[in-house]
Amino acid sequence: MILHSALMKDCGLEASGTEHKVRVLAGIPAYNEASCVGSVVLQAGQYADEVIVVDDGSTDDTAAVAGLAGAAVIRHGENRGKGSAIQSILAEARKRKPDALVLLDADSQHDPHEIPALIKPVLEGYDLVIGSREAQREKTRAYRRLGQKVLLHATRLASRSNITDSESGFRALSAKAIDELELKENGFAIESEMIASAASKRLRITEVPISNIYVRDGSTLNPVRHGVGVLSRVLVMIARLRPLFFFGVLGAILLAIGIAIGVRVHTIATGSGDPAVAGVVLTALFIIAGLLAVFTGVILNALGRRK
Ligand SMILES: Nc1nc2c(ncn2[C@@H]2O[C@H](COP(=O)(O)OP(=O)(O)OP(=O)(O)O)[C@@H](O)[C@H]2O)c(=O)[nH]1
Ligand SMILES: [Mg+2]
């Protein structure tokens, strides 16, 4: 794409005179986005050699519109979730081997003109570049900000990183990240999993500021169910990637509760001389569960180290 290379040069993304021309692939997961996907594909096409749209079982004309706009369309026979759509994009990217893959949503919440800003760090050696809305977080509704904050902290724990926006779907990946990332999540937890997987493989992660755009009032998703669903998946990730930390904290909490109950039962027993059997049993249960959790953490951690 002539337009593409001139623009990329303007953005300092092509060392003039070098043999190697940077190949960019844009990947767009889409579910019932017929009204937006066309313009997103056209605009993204200015900065990418190829645009792939994964139609995740839409019931509207998303696939047809994306195809008309020039995208290569991959269709899921049924709706499988954003994560599954991203996995399909990654599988396609592994075949096409671009220098950089940029991921953006199909609902116009990401500005394709910011694609060069996301790709630049990839050409400077980073493997995962996240478009962060942090600088414009005031544009996000309060209830969503709270949900995003909780997921952000959980993702930081899972990835031991200090990123500022874990839920942003506007990202760029290097060829190395395309090959090495291991993603299993089918839902929205894929955003956190990608960061955790990149960190566990010691890939270089960075962020660039992007525009925080809300095109439609409210969300397609029930925020509480969506938030709790993603959070529970991220907690599973923490348990899998940091078993000592996860089970250690869980164990410590259970032990603390057990000891607290134990002290209470002891006080009552010494006061009334009547050992509350139920209290004793509860104490024992919490302490055993706490010790088991810690033990599990130690074992899983040792097993993880052997891998
Ligand atoms: N909701 C949803 N989106 C999907 C699915 N599969 C792919 N997508 C696409 O994933 C991208 C992000 O989904 P959104 O529903 O916009 O999620 P969001 O941006 O967190 O929420 P909104 O604020 O409602 O836009 C969009 O391009 C969707 O079309 C799916 O199963 N459900
Ligand atoms: Mg959206």
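Criteria and cut-off values
The numbers attached to residues start from 1 for each chain and follow its sequence in the written order. Here every chain gets a letter starting at A, and every ligand a number starting at 1, in the order they are written. Local features in this predicted model are restricted to residues of pLDDT 70 or higher, and side-chain atom pairs are both shown and tallied only at a pLDDT of 80 or more, whereas totals for entire chains, interfaces and linings draw on every residue. Side-chain numbers come from the whole structure's heavy atoms, not from hydrogens or water. Secondary structure follows DSSP: runs of H or I at least 4 residues long count as helices, runs of E at least 2 residues long count as strands, and numbering of each begins at the N terminus. Throughout this description, buried means an accessible area under 20% of the type-specific maximum (1.4 Å probe, protein chains only), exposed means over 50%, and partly exposed covers the range between. Contacts are assigned to residue pairs with any non-hydrogen atoms lying within 4.5 Å of each other. Using the Shrake-Rupley algorithm and a 1.4 Å probe, accessible areas are obtained, with residue cover drawn only from the displayed protein chains. Sites may look incomplete because water is not among the atoms; the donors themselves are N, O and S atoms within 2.8 Å of the metal, or within 3.2 Å for Na, K and Ca. Take the buried residues of types Ala, Val, Leu, Ile, Met, Phe, Trp, Tyr and Cys, join any two whose side-chain atoms come within 4.5 Å, and each joined set is a nonpolar core. Expected helix span is computed as 1.5 Å times (number of residues minus one). Here a polar contact means two N or O atoms within 3.5 Å. Within protein one must be a hydrogen donor candidate and the other an acceptor candidate, and residues neighboring in sequence count only if both atoms are side-chain atoms. Salt bridge, as applied in this entry: a Lys or Arg side-chain nitrogen positioned within 4 Å of an Asp or Glu carboxyl oxygen. Between any two strands, pairing holds if DSSP finds at least two bridges. Here the axes come from fitting lines to C-alpha atoms, over the contacting stretch only for helices, and the angles between their N-to-C directions go from 0 to 180 degrees.

Secondary structure assignment for the protein yields 11 helices and 7 strands. Classification of the 307 residues of the protein by burial places 44% in the buried group. Considering only residue pairs separated by 6 or more positions, the protein has 74% of its internal contacts joining residues 24 or more positions apart. Accessible surface, the protein as shown: approximately 15200 Å² in total, 61% of it carbon and sulfur.

We now examine the coordination of the magnesium ion (ligand 2). Coordination of the magnesium ion (ligand 2) by the protein involves Asp107 (OD) and Gln109 (OE1), with metal-donor separations of 1.8 to 2.1 Å. Of the residues examined, Gln109 reaches a relative accessible area of 18% and is grouped as buried.

Here we come to the nonpolar core. If you look at soluble globular proteins, the nonpolar side chains tend to sit buried side by side. The biggest cluster of nonpolar side chains holds 29 residues, and the ones touching the most others in it are Ile28, Val41, Val51 and Val53. Among the elements of the structure, strand 1 (24–30), helix 2 (34–44), strand 2 (50–55), strand 4 (100–103) and helix 5 (115–123) are those that each provide at least two residues to this core. The contacts of Val41, once residues within four sequence positions are left out, are Ile28, Val51, Val53, Ala66, Ala69, Gly70 and Ala71. Counting 24 residues, the second-largest nonpolar core is a separate cluster that includes Val54, Leu90, Ile130 and Ile190.

Okay, helix 6 (residues 142–159) next. Over its 18 residues, helix 6 runs 25 Å from end to end, which matches the ideal 26 Å to within 8%, given 1.5 Å per residue. Looking at helix 6, one finds that the buried residues are Gln148, Leu151, Leu152, Ala154, Thr155, Ala158 and Ser159. Contacts from the buried residues of helix 6 go to helix 8 (190–200) and helix 9 (223–241). Remark: Arg160 follows helix 6 within two positions and exhibits a positive phi of approximately 50°.

Let us now look at the environment of Arg145. Mapped onto the secondary structure, Arg145 falls in helix 6. Looking at Arg145, the relative accessible area reads 32%, which means it is partly exposed. Excluding residues within four positions of it along the chain, Arg145 makes contact with Arg137, Glu138 and Thr140. One polar contact links the side chain of Arg145 to the main-chain carbonyl oxygen of Thr140, over a distance of 2.8 Å.

All right, on to the pattern of salt bridges then. Going through the model one piece at a time under the given rule, you end up with 14 salt bridges. Between Arg133 and Asp165 there is a salt bridge, and its shortest N-O distance comes to 2.6 Å. Of the two residues, Arg133 sits in the loop between strand 5 (128–132) and helix 6 while Asp165 sits in the loop between helix 6 and strand 6 (171–174), which places them 32 residues apart along the sequence. Comparing Arg133 with Asp165, the two get one shared label, buried. Residues Glu182 and Lys201 are paired through a salt bridge, measuring 2.9 Å at the closest nitrogen-oxygen approach. Note that Glu182 is positioned in the loop between helix 7 (175–180) and helix 8 and Lys201 in the loop between helix 8 and strand 7 (205–209), a separation of 19 residues in sequence. Residue Lys201 is classed as partly exposed on the basis of its relative accessible area, which comes to 27%. A cluster of three or more residues bridged by salt bridges with shared partners is formed by Arg23, Glu50, Glu92, Lys95 and Arg96.

With that settled, consider the sheet that holds strand 5. Each strand in a sheet pairs with its neighbour through backbone hydrogen bonds, running either in the same direction (parallel) or in the opposite one (antiparallel). What the 7 strands build is an open sheet, ordered 3-2-1-4-6-5-7; its pairing is mixed. Strands at the two margins of the open sheet, each flanked by one partner only, are strand 3 (72–75) and strand 7. This sheet shows a mean twist of 20° between the axes of neighbouring strands, independent of strand direction. Here strand 5 runs beside strand 6; their pairing, made up of 3 bridges, is antiparallel. In the strand pairing of strand 6, Val129 is matched with Ala172. The sheet contacts of helix 5 involve strand 1, strand 4, strand 5, strand 6 and strand 7, and relative to strand 6 the element is tilted by about 30°.

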